[in-house]
Amino acid sequence: MHIAILPGDDIGPEITAAARQVLEVLDEKLALGLRLEQHPMGLATLDSHASTLPREVLDEARAADGVILGPVSTYDYPPVEQGGINPSAHIRIALDLFANIRPSRTRAGVHYVAEDMDLVVVRENTEGFYADRNMLDGSGEFQPSPDMALAIRKISAGACQRIARAAFELASRRDKHVTMVHKANVLKVTDGLFIREVVKVADEFPDVRLDEMLVDAMAARLIREPRIFDVIVTSNMYGDILSDEAAALCGGLGLASALNAGERHAVAQAVHGSAPDIAGRGIANPAALMLSTAMLLDWLASRHDRPILAVAADLLEGSVNATLANPANHPPDLGGKATTQHFAAAVAEHIQSSSQGDHA
Ligand code: NAD
């Protein structure tokens, strides 16, 4: 099983090294047969390859069974014509990663605002209000005159159907409850289409309960009663905002994991950015990328029908949780003093000493 590791920028290399370290320990313990290959990209290749995502790196990502992508400093990238390709957006399009799956849950030992929360935002990833991915040619934003700018929001039946199916399939394996989030009282045509397609897909899943909520009401309800939600399905921009809100309610960005998944490819990628303010100090929290890596292992287990990878995913998530349960292991973003390396070593030790998977 070939995993391509793309380290990203700023704290990216620090946290991908930590994720790799625990993956190697898992591989050795459970004989997963992983082949981990790292490929420089981002600002590291801008001078040498005149691109932040050289073509051969994209080819490696496409050829791999799974990808681990570190956060990228897109804010510092030059324009596309000068090689500043946003690897995150570009890979999502090239590998058709239509589902951005973002879980948020409370974890023992971590200070949280919302008690007893365990939900997943399933966010459409390929269209919506995102100017870099909703046009065949050119940008979805343009400026006809100095004092006027326009943005296009694309919602298509096919994209709504497949994100709805991803949400219902996930809910079938969880608490069998999907909440579709929209703003159809204002965006009657586009969000009306979204609702129509989600409801159609719901018919295929009679065991899963579907309800709906306007996005503004959802933003408030998430704070008041997060425990009532299981799977939330929504379009690109709403999902981006709601998942950050959900992450903040249960420990912050340092724990916010995500998987970008399509039919054939999946990329583990933390929700957070490249944190230039703490880069190079060895204090970044690697938990979000480790938990994203666990999601990738779980996806690979289903896709390749290899249950041992699901065992590995459980062991990795369990080991991150066990590490977080002791505040002495908390990095500064969680109020502690632990380094990235300390956290990685604690997770690795827990994996090694666990009896889970011994007879798998
Ligand atoms: P950010 O997520 O990088 O940082 C926001 C705050 O959270 C900072 O204080 C940072 O120190 C902290 N933080 C984030 N991740 C952390 C971690 N793992 N451990 C500890 N603290 C962490 O957001 P930003 O500052 O708005 O953006 C910085 C750069 O990241 C920009 O270039 C932006 O374009 C890019 N970005 C990339 C991605 C991505 O690669 N998917 C996502 C968002 C932003």
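Refer to the preceding data block for the structure.
Reading guide: rules and limits
- Counting restarts for each chain, with residues numbered from 1 along the sequence as it is written.
- In keeping with the predicted nature of the model, local features appear solely for residues at pLDDT of at least 70, side-chain atom pairs appear and are counted solely at 80 or more, and the whole-chain, interface and lining totals rest on all residues.
- Hydrogens and water are ignored here; the side-chain numbers use all heavy atoms of the structure.
- The near set for a molecule or strand comprises every residue that places at least one heavy atom within 4 Å of it.
- We define a polar contact as two N or O atoms separated by no more than 3.5 Å, with the added condition that, inside protein, one atom must be a possible hydrogen donor and the other a possible acceptor, whereas residues neighbouring each other in sequence contribute only through side-chain atom pairs.
- Using a 1.4 Å probe, the Shrake-Rupley method yields the accessible areas, and only the shown protein chains count as cover for residues.
- Cavity means a closed set of points on a 1 Å grid over the protein atoms alone, one where a 1.4 Å probe fits but cannot get out, pocket means an open set with protein on both sides within 12 Å along at least 5 of 7 lines, and lining means a residue has an atom within 4 Å of a point.
- Just a note on the criterion: a molecule sits in a pocket or cavity if more than half of its atoms are within 2 Å of the grid points.
- For the purposes of this entry, the term helix denotes a DSSP run of H or I that reaches at least four residues, the term strand denotes a run of E that reaches at least two, and both are numbered from the N terminus.
- Classification of residues uses two cut-offs on accessible area relative to the type maximum, computed with a 1.4 Å probe and protein chains only: under 20% is buried, over 50% is exposed, and between them is partly exposed.
- Residue contacts are counted whenever heavy atoms from the two residues lie within 4.5 Å of one another.
- Axes here refer to lines fitted to C-alpha atoms; in helices the fit is confined to the stretch in contact. Angles between the N-to-C directions go from 0 to 180 degrees.
- When an angle is under 35 degrees it counts as roughly parallel; over 145 it counts as roughly antiparallel; between 65 and 115 it counts as roughly perpendicular; any other value is oblique.
- Should the near helix be turned anticlockwise from the far one by less than a right angle, the crossing is left-handed, and should it be turned clockwise, the crossing is right-handed.
- We call Asp, Glu, Lys and Arg charged. Ala, Val, Leu, Ile, Met, Phe, Trp, Tyr, Cys and Pro are nonpolar, and the rest, Gly among them, are polar.
- Salt-bridge detection follows one rule: a side-chain nitrogen of Lys or Arg within 4 Å of a carboxyl oxygen of Asp or Glu.
- Grid points are joined across faces, edges and corners, and a volume is the space filled by probe spheres set on the points.
- Whether two strands pair depends on DSSP finding at least two bridges between them.
- Aromatic pairs are defined between Phe, Tyr and Trp rings, using the six-membered ring for Trp, whenever the two ring centres lie within 6.5 Å; interplanar angles under 30 degrees are classed as stacked, those over 60 as edge-to-face, and all others as tilted.
- Cation placement over rings: the criterion is NZ of Lys or CZ of Arg within 6 Å of the ring centroid and within 35° of the ring normal.
- Each helix should span, by expectation, one fewer than its residue count multiplied by 1.5 Å.
- Here the nonpolar core consists of buried residues drawn from Ala, Val, Leu, Ile, Met, Phe, Trp, Tyr and Cys, with membership extended through side-chain atoms lying within 4.5 Å.

1. Section: the site of the ligand
Of all residues adjacent to the ligand, which total 19 residues, the nearest are V72, T74, G273, A275 and D277. In the model, an oxygen atom of the ligand is placed 2.8 Å from a nitrogen or oxygen of the D277 side chain. Compared with its free state, where it exposes 800 Å², the ligand has 68% of that area covered by protein. Most atoms of the ligand, that is more than half of them, are within 2 Å of grid points of the second largest pocket.

2. Section: the side chain of T340
Tracing the chain through its elements places T340 in helix α11 (residues 340–353). Taking the relative accessible area as the measure of exposure, T340 reaches 6% and is therefore buried. One polar contact links the side chain of T340 to the main-chain carbonyl oxygen of A284, over a distance of 2.7 Å. T340 has contacts with E14, A18, G282, I283, A284 and P286, leaving out every residue within four places of it along the chain.

3. A word on the packing of helix α10 (residues 307–324) against α11
When two helices pack together, their arrangement is given by the angle between their axes and by how far apart the axes lie. In contact at an axis separation of 9 Å, α10 and α11 are set at 125 degrees when each is read in the N-to-C sense. Taken together, the axis directions place α10 and α11 in an arrangement best described as oblique. Taken as a pair, α10 and α11 cross one another with a handedness that is right-handed. Residues L315, L316, G318, S319, V320, A322, T323 and L324 of α10 touch α11, and the partners they reach there are F343, A346, V347, H350 and I351. Classifying every residue of the contact of α10 with α11 by side-chain character gives 9 nonpolar, 4 polar and no charged.

4. Describing the pattern of salt bridges
For the structure shown, the criterion picks out 19 salt bridges. Measuring nitrogen to oxygen at the nearest pair gives 3.5 Å for the salt bridge that ties R62 to D59. Taken together, the residues R62 and D59, both in helix α3 (residues 55–63) and 3 residues apart, mark about one turn of the helix. Residue classification places D59 among the partly exposed residues on the basis of a relative accessible area of 35%.

5. Quick word on the layout of surface pockets
Rolled over the atoms, a probe with the dimensions of a water molecule shows which regions are left empty. As a volume, the largest pocket reaches approximately 990 Å³. If you trace the largest pocket, you find 30 residues lining it, with I101, L170, R173, L259 and D298 closest to the centre. Elements supplying a minimum of two residues to the lining of the largest pocket: β4 (99–105), β5 (118–124), α5 (157–172), β11 (259–261), α9 (287–303) and α10. Per element, the largest residue contribution to the lining of the largest pocket is 7 residues, and it comes from α9. Of the residues in the lining of the largest pocket, the class split is 14 nonpolar, 3 polar and 13 charged. The space that makes up the second largest pocket amounts to roughly 760 Å³. Considering the residues around the second largest pocket, the lining is formed by 37 residues, among which P71, V271, H272, G273 and S274 are closest to the centre.

6. With respect to the sheet that holds strand β3 (residues 66–69)
An order of β2-β1-β3-β12-β11-β4-β5-β10-β8-β9 is seen for the 10 strands of this open sheet, with the pairing classed as mixed. Whereas interior strands pair on both sides, the edge strands pair on one side only; in this sheet they are β2 (35–38) and β9 (209–214). Direction aside, the axes of adjacent strands within the sheet are offset by 25 degrees on average. Taken strand by strand, helix α1 (residues 12–30) contacts β1 (2–6), β2 and β3, and its axis lies near 165 degrees from that of β2. Contacts from α5 reach β4, β5, β8 (177–182), β9 and β10 (231–234) within the one sheet, and its direction differs from that of β5 by about 160 degrees.

7. A look at helix α4 (residues 87–94)
What α4 keeps buried is the set P87, S88, A89, I91 and R92. Buried residues along α4 sit in contact with β1, α3, β3, β5, β11 and β12 (266–268). In the segment just after α4, D96 is the residue with positive phi, at about 50 degrees.

8. What about the packing of aromatic side chains?
What the rule picks out here adds up to 1 aromatic pair. Between F168 and F205, the aromatic rings sit 5.4 Å apart at their centres with planes inclined by 25 degrees, giving stacked as the arrangement. In this pair, F168 sits in helix α5 while F205 sits in the loop between α6 (190–202) and β9, placing the two residues 37 residues apart along the sequence. Neither F168 nor F205 differs from the other in exposure class; each is buried. For R123, the ring lying beneath its charged end belongs to Y130, and the centroid distance is 5.4 Å.

9. So, α6
In this model α6 runs 19 Å from its N-terminal to its C-terminal C-alpha over 13 residues, within 8% of the 18 Å that 1.5 Å per residue would give. Those residues of α6 that sit buried are D191, F194, I195, E197, V198, V201 and A202.

10. Some points on the nonpolar core
Counting 72 residues, the largest nonpolar core has L26, L316 and V320 as its most contacted members. Considering each element in turn, this core owes the most residues, 11 residues, to α9. One finds L6, L53, L58 and Y77 within the second-largest nonpolar core, a separate group that totals 17 residues.

11. Some thoughts on the pairing of strand β7 (residues 148–151)
Two elements, strand β6 (residues 141–145) and β7, share 3 bridges in a ladder whose sense is antiparallel. Its bridge partner lying in β7, S145 is registered against M148. Connecting the antiparallel pair β6 and β7 is a turn made up of 2 residues.

It is worth stressing that arrangement in space is one thing and function is another; only the former is reported here.
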